[in-house]
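Below are the chains, spelled out letter by letter.
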Amino acid sequence: MIKEERILLRNAGKINPMSIEDYIGAGGYRGLEKALGMEPVEVIDELLEAGLRGRGGAGFSTGMKQRFTSESCLRCPQRYVVVNADEGEPGTYKDRVIMEQDPHLYLEGTIIAAHAIRASKGYIYIRGEYQESIDKTRKAVNEAYKKGFLGKNILGSGFDFDIGIKLGAGSYLCGEELTMLESLEGKRGTPRIKPPFPAEKGVFNMPTLVNNVETLANATRILEKGREWYRETGTDTSPGTKIFTISGQVNKPGYYELPLGVSLRQLIELAGGMRGNMQFKAALLGGAAGTFVDASMLDEEMSYDNLRDKGATLGSGAVIVFSREDSITNTLVNCLRFFKHESCGKCIPCRAGTAHLEISARKLKSTANDKQKLLASMIRESELMAATSLCPLGQSPVLPLKSAARYFKDELYGILTE
Ligand SMILES: Cc1cc2nc3c(=O)[nH]c(=O)nc-3n(C[C@H](O)[C@H](O)[C@H](O)COP(=O)(O)O)c2cc1C
Ligand code: SF4
């Protein structure tokens, strides 16, 4: 059976997360020391060559994003780093694990990122419900100031960086980077039109790097141990590990750090296998804005590119497992209700579309005569929404809907009993 490979979580459960001394004793802040001895452009190159991809969901190259941000608007007086710690995707709690068990790990990565793009200010935007993460991050920030890892002339390098903590207020959409920036500015959490991207015009119209907590935790390790070491784990195009959060019908739901490229079957085995005598039927990969897969995908490599090539998503690393007793139709209704609830209502295709899709999904569950026709019209509607909605939330329902239709048509048509 595959074993966990704890690269990011090597300190989890071993050190006191409230103690900077413990963190330093376990090798902490060495990555930052190394980074401060390098030119910013060298730090970016290190992350580029390591092949780090954003762990917030999209898997975009972290080094590329840093390069764009550092090269945009050279005359701007300010550059920002914003840490996306909003973690709202259903089934996802990997950032919470990092924040609760080793908060300095991602704080260190944030300071490294700030040095790379020459930012002197940053914000950590934390999900408001994550009280423990908030408390531990606050403590970590205070201690880092006292030890000279934050503030003026960090470790005598001449580099200054200040950071503040902002709390989310329960909106899933505020995890979307441009919406987050509006919220950070004290405005209502509705998205901005892209482009411009945050790298060009981010918070307060200044170049801004937005990175996920897990991404920044990876950056710390890369600077500490080097790109070659990092590339030894994972696949060629998806190096490193991923913290998967697995829930649903498995014996040991929880978080597991594994090399990218692991299969779904291996992850389920590690999570204690299916509960009782249950048989695997499906998994929802990447949360509500993710894709359903069936047993034919159990042995596929879970890496960004392979899953994308197979029409699936890795997303945030959330994996929700369903047995033959579970209803895909019910789960689809839940996903679509979630999108209706979280739609900000700013644009009509999403405002009306998410509400209509939920009504249609409920009909799929109950009385509709021609379910085949109904499902086809729901897919058309979700495609239209994807093409015309203002932000990625309106582009999301198509993912669970089309993948459910691809693998579980008979059940959705009502041909098979649920
Ligand atoms: C509706 C929506 C919600 C999102 N929620 C989160 C979130 O909670 N955490 C996160 O890191 N990224 C989230 N994202 C992705 C961010 O917009 C952004 O891509 C990410 O923070 C970039 O960081 P990375 O490059 O390190 O992955 C969300 C995107 C959308 C469309
Ligand atoms: S797509 Fe939905 S969430 Fe995004 S702006 Fe339009 S209404 Fe708001």
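Source: prediction; values computed, not measured.

Draft legend 1. Broad picture of the overall build of the protein. Scanning the protein for helices and strands turns up 16 helices and 9 strands. The C-alpha atoms of the protein give a radius of gyration of 22 Å, which matches the 22 Å a tight globule of 418 residues would have. Within the protein, the fraction of its 418 residues that count as buried is 53%. When contacts within the protein are restricted to residue pairs at least 6 apart in sequence, those whose partners lie at least 24 apart make up 72%.

Draft legend 2. Looking closely at the site of ligand 2. Taken together, 15 residues are adjacent to ligand 2, and C344, C347, C350, C391 and G394 come closest. Class assignment for the residues of the shell around ligand 2 results in 8 nonpolar, 5 polar and 2 charged. When we break the shell around ligand 2 down by domain, the ones giving at least three residues each are domain 1 (20-231) and domain 3 (328-413).

Draft legend 3. Summary view of the nonpolar core. Counting residues in each nonpolar core, the largest one holds 118 residues, and the members touching the most others are V82, L267 and A283. With 9 residues, helix α6 (residues 103-117) is the largest single contributor of residues to this core. If near-sequence neighbours (up to four positions away) are discounted, V82 is found in contact with G122, Y123, Y125, M180, L181, L184, V203, T208 and V210.

Draft legend 4. Quick peek at the site of ligand 1. Close contacts around ligand 1 come from 23 residues, with G54, G56, G175, N212 and T215 the closest. Looking at the shell around ligand 1, its residues break down into 7 nonpolar, 9 polar and 7 charged.

Draft legend 5. Fine view of the domain arrangement of the protein. Assigned domains within the protein: domain 1 (20-231), domain 2 (241-323) and domain 3 (328-413). A C-alpha centroid distance of 27 Å is found between domain 1 and domain 2. Each side of the interface is counted separately: domain 1 has 11 residues, and domain 2 has 15 residues. Class assignment for the residues of the side of domain 1 that touches domain 2 results in 3 nonpolar, 4 polar and 4 charged.

Draft legend 6. View of the packing of helix α5 (residues 94-101) against helix α7 (residues 131-146). In the contact formed by α5 and α7, the axes pass within 8 Å of each other and the chain directions differ by 40°. Considered as vectors, α5 and α7 are oriented oblique to each other. The hand of the α5/α7 crossing is left-handed. Between α5 and α7, the residues in contact are R96, M99 and E100 and E132, S133, K136 and T137, respectively. Each residue belonging to the contact of α5 with α7 can be placed in one class, and the counts come to 1 nonpolar, 2 polar and 4 charged.

The rules behind the values
Residues numbered from 1 in each chain as written. Chains lettered and ligands numbered in written order. Predicted model: local features only at pLDDT ≥ 70, side-chain atom pairs only at ≥ 80, totals over all residues. Helix = DSSP H or I, 4+ residues; strand = E, 2+ residues; numbered from the N terminus. Rg over C-alpha atoms; globule rule 2.2 N^0.38 Å. Buried ≥ 20, exposed ≤ 12 C-beta atoms within 10 Å, placed from the backbone. Contact = placed C-beta atoms within 7 Å. Near = placed C-beta within 6 Å. Nonpolar A, V, L, I, M, F, W, Y, C, P; charged D, E, K, R; others polar. Domains from an automatic or database assignment. Core = buried A, V, L, I, M, F, W, Y, C linked by C-beta atoms within 7 Å. Axes fitted to C-alpha atoms, helices over the stretch in contact; angles between N-to-C directions. Parallel < 35°, antiparallel > 145°, perpendicular 65-115°, else oblique. Left-handed = near helix turned anticlockwise from the far one by under 90°.

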